[in-house]
Amino acid sequence: MDSKLQSLTVARRPDSGGSEGTMIALLANHFLVQFDPSQRIYHYDLEISPNPSKDIARLIKQKLVEENSSVLSGVLPAYDGRRNLFSPIEFDKDKLELYINLPIPRNNSPMAANIEDSEEKFKLFRVNIKIVSNLEGKKLRNYLSKGDESVPLPQDYLQALDVVLRENPTENCVLLGRSFYPNLTRKDLGGGAIGVQGFYQSLRPTQQGLALNVDLSVTAFHESIGVIAYLQKRIHSLHDLSERKTRGFSREEKKEAETVLKNIRVFVCHRETTERYQVHSLTDEPAANLQFRDRDGKNLQIVNYFRDQYNYEIQFRNLPCLQTSRRRPCYLPMELCVICEGQKFLRKLSDDQTAKILELGCRKPKERKAIIDGVMAAPFSPSSGNQAGEFNLHVSREMTKLSGRILQPPKLKLGDGGNIKDLIPSRHDRQWNLVGSHVFEGTQIARWALVSFGGTGDQKSTIPNFIDRLTRRCEQLGIYLNKKTIISPQFESMQVLNNVNLLESKLKKIQRSASNNLQLLICVMEKKHKGYADLKRISETSIGVMSQCCLYQNLARLSSQFLANLAIKINAKIGGCTVALYTSLPAQIPRLLTLDEPVMFMGADVTHPHPLDDFSPSVAAVVGSVNWPAANKYVSKMRSQTHRQEIIQDLSIMVEEILHDFVRELSKLPKRVIFFRDGVSETQFHKVLRDELQAIRDAFSRFTGYNPPITFAVVQKRHHTRLFPADPVSGAARNQFSDENVPPGTVVDSVITHPKEFDFYLCSHWGVKGTSRPIHYHILRDENEFTSDELQKLVYNLCFTFVRCTKPVSLVPPCYYAHLAAYRGRLYLNQTDRSSGFTRSGSPKTTPLPKLQERVKNLMFYC
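A brief structural summary. (Residues numbered from 1 in each chain as written. Predicted model: local features only at pLDDT ≥ 70, side-chain atom pairs only at ≥ 80, totals over all residues. Heavy atoms only, no water.)

## Brief notes about the overall build of the protein
- When its secondary structure is counted, the protein shows 22 helices and 39 strands.
- Taking 2.2 N^0.38 as the reference for a compact globule, 863 residues should give roughly 29 Å; the C-alpha atoms of the protein span a radius of gyration of 31 Å, in line with that estimate.
- Looking at the protein as a whole, 54% of its 863 residues are labelled buried.
- A fraction of 73% describes how many contacts in the protein between residues 6 or more apart in sequence connect residues 24 or more apart.
- As displayed, the protein offers around 38100 Å² of accessible surface, 47% of which is attributable to carbon and sulfur atoms.
- Where the 115 positive side-chain charges of the protein centre and where its 92 negative ones centre are 5 Å apart. (Helix = DSSP H or I, 4+ residues; strand = E, 2+ residues; numbered from the N terminus. Rg over C-alpha atoms; globule rule 2.2 N^0.38 Å. Buried < 20%, exposed > 50% of the residue type's maximum accessible area, 1.4 Å probe, protein only. Contact = heavy atoms within 4.5 Å. Areas by Shrake-Rupley, 256 points an atom, 1.4 Å probe, with all protein chains shown as cover. Lys, Arg positive; Asp, Glu negative; His and termini not counted. Charge placed at Lys NZ, Arg CZ, Asp CG, Glu CD.)

## Points about the sheet that holds strand β28 (residues 520–525)
- Read across the open sheet, the four strands follow the order β27-β25-β28-β29; overall the sheet is parallel. Here the strands that pair on one side only, and so sit at the sheet edges, are β27 (490–492) and β29 (546–551). Pairs of neighbouring strands in the sheet enclose a mean axial angle of 20°, with direction left out of account.
- Bridge analysis of strand β25 (residues 448–453) against β28 gives six bridges, and the strand direction is parallel. Bridging across to β28, Trp-448 finds its partner in Leu-520.
- Against the sheet, helix α14 (residues 532–543) touches β25, β28 and β29, its axis set at about 160° to β29.
- Contacting β28 and β29, helix α16 (residues 560–574) crosses the sheet at an angle of about 165° to β29. (Pairing = 2+ DSSP bridges. Axes fitted to C-alpha atoms, helices over the stretch in contact; angles between N-to-C directions.)

## Regarding the side chain of Thr-578
- Summarising the element assignment, Thr-578 is placed in the loop between α16 and β30 (580–581).
- On the accessibility criterion, Thr-578 (1% relative accessible area) is buried.
- Beyond its immediate chain neighbours, meaning those up to four positions away, Thr-578 contacts Leu-414, Val-439, Phe-440, Ile-568 and Val-803.

## Looking at the pattern of salt bridges
- Under the defined criterion, the tally for this structure stands at 51 salt bridges.
- Among the salt bridges present, the one from Arg-13 reaches Asp-759, with a minimum N-O distance of 2.7 Å. Taken together, the residues span a long stretch of sequence, with Arg-13 in the loop between α1 (2–7) and β1 (22–28) and Asp-759 in strand β38 (residues 758–763) at a distance of 746 residues. Just as Arg-13 is buried, Asp-759 falls in that class too.
- In this structure, a network of salt bridges that share partners links the residues Lys-637, Asp-661, Arg-664 and Glu-665. (Salt bridge = Lys/Arg side-chain N within 4 Å of Asp/Glu carboxyl O.)

## Observations concerning the environment of Asp-429
- If you trace the backbone, Asp-429 turns up in the loop between β23 (419–423) and β24 (444–445).
- Owing to a relative accessible area of 6%, Asp-429 belongs among the buried residues under this scheme.
- The spatial distance from the C-alpha of Asp-429 to the C-alpha of Ser-625 is 27 Å, given a sequence separation of 196 residues.
- Those residues in contact with Asp-429 that lie beyond four places of it in its chain are Pro-744, Trp-766 and Pro-808.
- Within the structure, the side chain of Asp-429 is placed 2.6 Å from the side chain of Arg-427, a separation counted as a polar contact.
- Within the structure, the side chain of Asp-429 is placed 3.1 Å from the backbone nitrogen of Gln-431, a separation counted as a polar contact. (Polar contact = N/O pair within 3.5 Å; in protein donor to acceptor, adjacent residues only side chain to side chain.)

## Topic: the layout of surface pockets
- Approximately 480 Å³ is the volume attributed to the second largest pocket.
- If you trace the second largest pocket, you find 17 residues lining it, with Met-638, Arg-639, Glu-657, Lys-851 and Leu-852 closest to the centre.
- Where the lining of the second largest pocket is concerned, the elements lending two or more residues are β33 (634–641), α18 (651–666) and α22 (854–857).
- Per-element accounting of the lining of the second largest pocket gives the leading share, five residues, to β33.
- Class assignment for the residues of the lining of the second largest pocket results in five nonpolar, four polar and eight charged. (1 Å grid on protein atoms, 1.4 Å probe; cavity = no way out; pocket = protein on both sides within 12 Å on 5 of 7 lines; lining within 4 Å. Points joined across faces, edges and corners; volume = space filled by probe spheres on them. Nonpolar A, V, L, I, M, F, W, Y, C, P; charged D, E, K, R; others polar.)

## A short note on the pairing of β38
- The buried count for β38 comes to six of six residues, which makes it a mostly enclosed element.
- Burial along β38 is two-sided: Phe-758, Phe-760 and Leu-762 facing one way and Asp-759, Tyr-761 and Cys-763 facing the other are all buried.
- Pairing of strand β37 (residues 746–748) with β38 involves three bridges; the strand directions are antiparallel. Counterpart to Val-748 in the pairing with β38 is Tyr-761.
- The sheet contact formed by β38 and strand β39 (residues 775–782) spans five bridges and is antiparallel. Across the sheet, the residue bridging to Tyr-761 is His-776, located in β39.

## Let's talk about the nonpolar core
- Ranked by size, the top nonpolar core spans 89 residues in total, and within it Phe-466, Phe-601, Phe-676 and Tyr-862 carry the most contacts.
- With nine residues, α16 is the single largest residue contributor to this core.
- With residues up to four places along the chain from it excluded, the contact list for Tyr-862 reads Val-623, Tyr-634, Val-635, Ser-636, Arg-804, Tyr-817, Leu-820, Ala-821 and Arg-824.
- Ile-41, Leu-158, Val-214 and Met-399 belong to the second-largest nonpolar core, a separate cluster that totals 38 residues. (Core = buried A, V, L, I, M, F, W, Y, C linked by side-chain atoms within 4.5 Å.)

## With respect to the environment of Arg-557
- Assignment of secondary structure puts Arg-557 in the loop between α15 (552–555) and α16.
- Separated by 3.3 Å, the side chains of Arg-557 and Asn-554 make a polar contact.

## Let's talk about the packing of helix α2 (residues 54–67) against helix α4 (residues 155–172)
- With their axes 12 Å apart at the nearest point, α2 and α4 run at an angle of 110° to one another. In terms of orientation, α2 and α4 fall into the roughly perpendicular class. The crossing of α2 and α4 is left-handed. Across the interface between the two elements, Arg-58, Lys-61 and Gln-62 of α2 pack against Glu-167, Thr-170 and Glu-171 of α4. (Parallel < 35°, antiparallel > 145°, perpendicular 65-115°, else oblique. Left-handed = near helix turned anticlockwise from the far one by under 90°.)

## Re the side chain of Asn-632
- Tracing the backbone shows Asn-632 in the loop between β32 (618–625) and β33.
- Separated by 2.8 Å, the side chains of Asn-632 and Asn-627 make a polar contact.
- For Asn-632, the contacting residues outside a window of four places in its chain are Cys-577, Val-579, Ala-580, Asn-627, Thr-801, Val-803 and Met-860.

## Brief notes about the packing of aromatic side chains
- If you walk through the whole model with that rule in mind, you get 20 aromatic pairs.
- Between Phe-292 and Tyr-305, the aromatic rings sit 5.2 Å apart at their centres with planes inclined by 85°, giving edge-to-face as the arrangement. You can see Phe-292 sitting in strand β15 (residues 291–293) and its partner Tyr-305 sitting in helix α7 (residues 302–310), a full 13 residues away along the chain. Of the two residues examined, Phe-292 and Tyr-305, each falls in the buried class.
- Ring plane angle 80° and centroid distance 5.2 Å describe the contact between Phe-861 and Tyr-862, whose orientation is recorded as edge-to-face.
- By relative accessible area, Tyr-862 is classed as buried at 2%.
- Through a chain of ring-to-ring contacts, the aromatic side chains of Tyr-634, Phe-802, Tyr-816, Tyr-817, Phe-861 and Tyr-862 assemble into a single cluster.
- Across the ring face of Tyr-143, the terminal group of Lys-756 is positioned such that the distance to the ring centre comes to 4.3 Å. (Phe/Tyr/Trp six-rings, centres within 6.5 Å; stacked < 30°, edge-to-face > 60°. Lys NZ or Arg CZ within 6 Å of the ring centre and 35° of its normal.)

## A look at α2
- With 14 residues, α2 extends 20 Å between its outermost C-alpha atoms, agreeing within 8% with the 20 Å of an ideal straight helix rising 1.5 Å per residue.
- Turning to α2, its buried residues number three or more, namely Ala-57, Arg-58, Ile-60, Lys-61, Lys-63, Leu-64 and Val-65.
- Looking at the buried positions of α2, the neighbouring elements they touch are β3 (41–49), β4 (78–79), β5 (84–87), β6 (95–103), β7 (122–135) and α4. (Expected span 1.5 Å × (residues − 1).)

## Examining the state of the cysteines
- If you walk through the whole model with that rule in mind, you get zero disulfides.
- Left without a disulfide partner, Cys-330 is nearest to the cysteine sulfur of Cys-337, which lies 9.9 Å away.
- With no disulfide partner, Cys-337 has as its closest neighbouring cysteine sulfur the one in Cys-269, 7.3 Å distant.
- For Cys-337, a relative accessible area of 1% gives the class buried. (Disulfide = S-S within 2.5 Å.)

Right, here's the structure in full:
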């Protein structure tokens, strides 16, 4: 039992933090929250019947407070919009039953509307309130103090404070998850979508105490315009719909319009009402043919009803109406409907829309800091209003000041015609170049072919020059790429990418021409195409050949940098590597690592289908290093699994397979395993630790007497902590990074990190655009007993070994590779001959991934 309890305990910080590196003064977007430990919070269950929407529930709560001040002890309770109500003072009674009258339209159907609709109707709600618990602040104070390690986090008190600090923003903004949108800054994204700038907030226990993490947040909303105008923007064939009032929809247009509008909320503009309707479908018949029964059972034509009742002549008579009920007729003419504000755009954004929304959220550090500071001073901020004061809370409006450390970059090894050449990345962005150098390990590619898809005559004529320039660039880099392709370049139309069977036969023909021994297939495309997914799947699972794709637009310039990038990607896929650490990891961390006792680095990630896809499986990928001490070559394992399941189902089998690969390469098992797990939220830490650590142990147990120590670290990219260089005090003390991002190697393991657990923020890359996002490494288990300095140095060093580029990457490579492998597995499922629509019928099923060919599976094909 003790060992089971121990296995669920998240690792504690082994020391007071690291000390290596140069100090740097920083600001973090954490705002200190001072609370009164003696302040009790009374938690009440609030039950409303009939069950209202969240918006109506908030209106009920507001009226409840206004009309029942004495019953509620004269306080402003905080409400989470569901069933939780928090008060700083105990109510007079433990149970209360109250009634609230709200002005809400009674009619659910505009067809049943009559002249009385303009009068205000009231709906009666019963509100039952009963005490749930009495929460104390002392437990939170004890947890945050450095003393007692055994005190658990009082999640209930923290949740109550979180609700309190969300109350003011919720009343003044559109709420989406943990983000608030005050509708101040917006950008037209095209296609019926707008990008809206808001802010994210979350209450966190940190070393400095309780802190509110506030950050810029950007998301896409549906544009609030008329439904006709909206369809014109969303569906290309309907772009002139408003000018052609007599036209109807084709079957395809109706299906597409129904998909686009399904579940969107609209309001009507032919009469005054606060009612909002959710689109269920479109009517089969156009408005001109639609009838409904009135209260007297008489059949009425929609067109005549609107003419008689509202003096409105329906213009688009040949278009279907919106149907807002699944069970009974409830028709709304499209031209009278407007998309409601504040609805998140859930469909996949186009490349152009994505670029525009990234531009809205891509703010330089000074600008991002100014926006966050502006939020904290605004009337809709968590520190404004009366709510925080009611609970004796004080939220600082100043960002947290702290010290970080800049770790030194490692010395690197490049190839130099068989001689090892060392290099220290001394540039401020820690990039290096390969001018006059070879890759550390170049490959020999004698048998390769090129296939072109699409392209103009002029573009196709550049292929011989491209082959010549690429082979020469490879030679300069120490990579042998035969100057002659195994067969002459093949030219196909883009249409081939639309036909899976034809594409497969063309690729197999090329493979046969190379005596079934093709090493590489370079594919040049006119433009990006969904057939890319089929090409990769066929190449890697059916034929067994490595492929490298590029676009004709890049062949027009043929810069030395483009050719070098292409060459090092090809080299990595065929089995070479770009760079290695000059000072090996054992030499850097001699206390734990040795040359003759190999270590395996593993990475794991799970990718989930699109938010509107309720059917497709999730894809899990696990990678493991299979060379030592370089630790820069990885094998991968991919599996499909239950829809949206985050825990990796087949982890034990995947780890066992990777261990066999490790033994095949090094003739021994790893002495230590360091496992980096991507994509896990804090709420899942204990479940991942319990289930996945046990799965890894199960894999070990299948090797006799094998039980190496594991370090299990969760790697978080999607968090909202940002670091800013502190403003210089004076000209003499001016920081060289004051107007830029924090430099690569910036590490923070104090003040804003966890009060007790082993975590740190590392910004290993140079942020070229916007504000750098440091990666948060949270160690759940550390049987290898690293010090803070050792593990931080290890992770930073690994970031320089990523095979695809000549700079340190933001994410530790095992996780990066796992992410790429999981994405590749997702591509295998996205076949072009499969329906592109999302299905919401039937139960989710798990389609197995196709098996990789032997010639591919042990190489880094996903790079």
